[in-house]
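Here is how the chains run, residue by residue.
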Amino acid sequence: MYTSITPAFRAAAEIEQITADTISFVEARLKQLHELAADPAVLAVFGKNATTALTAYSAFLQALSVVKPNHNAPSFDLTVFQPQPDGSVLFVAPEPELASEPITL
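Since the structure is predicted, the reported quantities are computational estimates derived from the model, not experimental observations. Each chain carries its own residue numbering, running from 1 in the direction its sequence is written. Totals for whole chains, interfaces and linings use every residue, but because this is a predicted model, local features are given only for residues with pLDDT of at least 70 and side-chain atom pairs only at 80 or more, for both listing and counting. Excluding hydrogens and water, the side-chain figures rest on all heavy atoms present in the structure.

Comments concerning the overall build of the chain
For helices the rule is a DSSP run of H or I covering at least 4 residues; for strands it is a run of E covering at least 2, with both sets numbered from the N terminus onward. Secondary structure summary: the chain contains three helices and two strands in total. Order of helices (α) and strands (β) in the chain, N terminus to C terminus: α-α-α-β-β. Buried, partly exposed and exposed residues are distinguished by accessible area as a fraction of the type maximum, computed with a 1.4 Å probe on protein chains only: under 20%, between the cut-offs, and over 50%, respectively. Considering the chain as a whole, with its 105 residues, one finds that 19% of them fall into the buried category. In what follows, a contact means two residues having at least one pair of non-hydrogen atoms within 4.5 Å. Sequence-distant contacts, at least 24 apart, represent 59% of the contacts inside the chain between residues at least 6 apart. When the accessible area of the chain is evaluated, it comes to approximately 8,100 Å², of which 64% is carbon and sulfur surface. The method behind every accessible area is Shrake-Rupley, applied with a 1.4 Å probe, and residues are considered shielded solely by the protein chains displayed.

As structure tokens, this is what we get:
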């Protein structure tokens, strides 16, 4: 009886490891894609497909959030990367942060 349980536990452990490796791979690729696409020139290459690219990235990010809620893959700030009706993405530079302390002369 125990001889049949051991292979089943081994198979379950292998499946669990494959799943963990796959999730780590997806998370790493999403981080890499985010770094590349954070450059407005890269998104400009996508032209009218840039919104589709951001949507696909967001879909993979949501799927990752389901299987690994505590992932650290970043999302795109849609106040900076604004999808346009023609499918392109407009890059709007973020406003510089104001100093919290008043400047005295």
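Some words on the pattern of salt bridges
Here, a salt bridge means any side-chain nitrogen of Lys or Arg that lies within 4 Å of a carboxyl oxygen of Asp or Glu. One pass over the structure, following the stated rule, counts one salt bridge. The partner of glutamate 27 in a salt bridge is lysine 68, and the shortest N-O contact between them spans 2.6 Å. One end of the pair, glutamate 27, is in helix α1 (residues 2-37); the other, lysine 68, is in the loop between α3 (50-67) and β1 (81-83), and 41 residues separate them in sequence. Since its relative accessible area comes to 6%, glutamate 27 is described here as buried.

Concerning the nonpolar core
Throughout, nonpolar core names a set of buried Ala, Val, Leu, Ile, Met, Phe, Trp, Tyr and Cys residues whose side chains join them through atoms within 4.5 Å. One finds Leu30, Leu43, Leu54, Phe76, Phe81 and Val89 to be the most contacted residues of the largest nonpolar core, which totals 14 residues. Sorting the residues of this core by element identifies α1 and α3 as the ones contributing at least two each. Tallying contributions element by element places α3 first for this core, with five residues. In this view, phenylalanine 81 contacts Ala37, Ala38, Leu43, Leu54, Phe76, Val89, Leu90 and Phe91; residues no more than four positions away in its chain are not counted.

Topic: the environment of alanine 50
When you line up the elements, alanine 50 lands in helix α3. A residue is classified by how much of its surface remains accessible, and alanine 50, at 0% relative accessible area, is buried. Counting along the chain gives 39 residues from alanine 50 to valine 89, while the straight-line C-alpha distance between them is 5.7 Å. Ignoring any residue separated from it by four or fewer positions in sequence, one finds alanine 50 in contact with Leu43, Gly87, Ser88 and Val89.

A closer look at the side chain of histidine 34
Mapped onto the elements, histidine 34 comes out in helix α1. Its relative accessible area of 16% is what places histidine 34 among the buried residues. Every residue in contact with histidine 34, bar those within four places of it in the chain, is listed here: Tyr57, Pro74, Ser75 and Phe76.

Regarding the environment of glycine 47
Within the secondary structure, glycine 47 sits in the loop between α2 (40-46) and α3. Considering only alpha carbons, one finds glycine 47 and serine 88, 41 residues apart in sequence, at a separation of 5.2 Å. If sequence neighbours within four positions are ignored, glycine 47 has contacts with Gly87, Ser88 and Val89.

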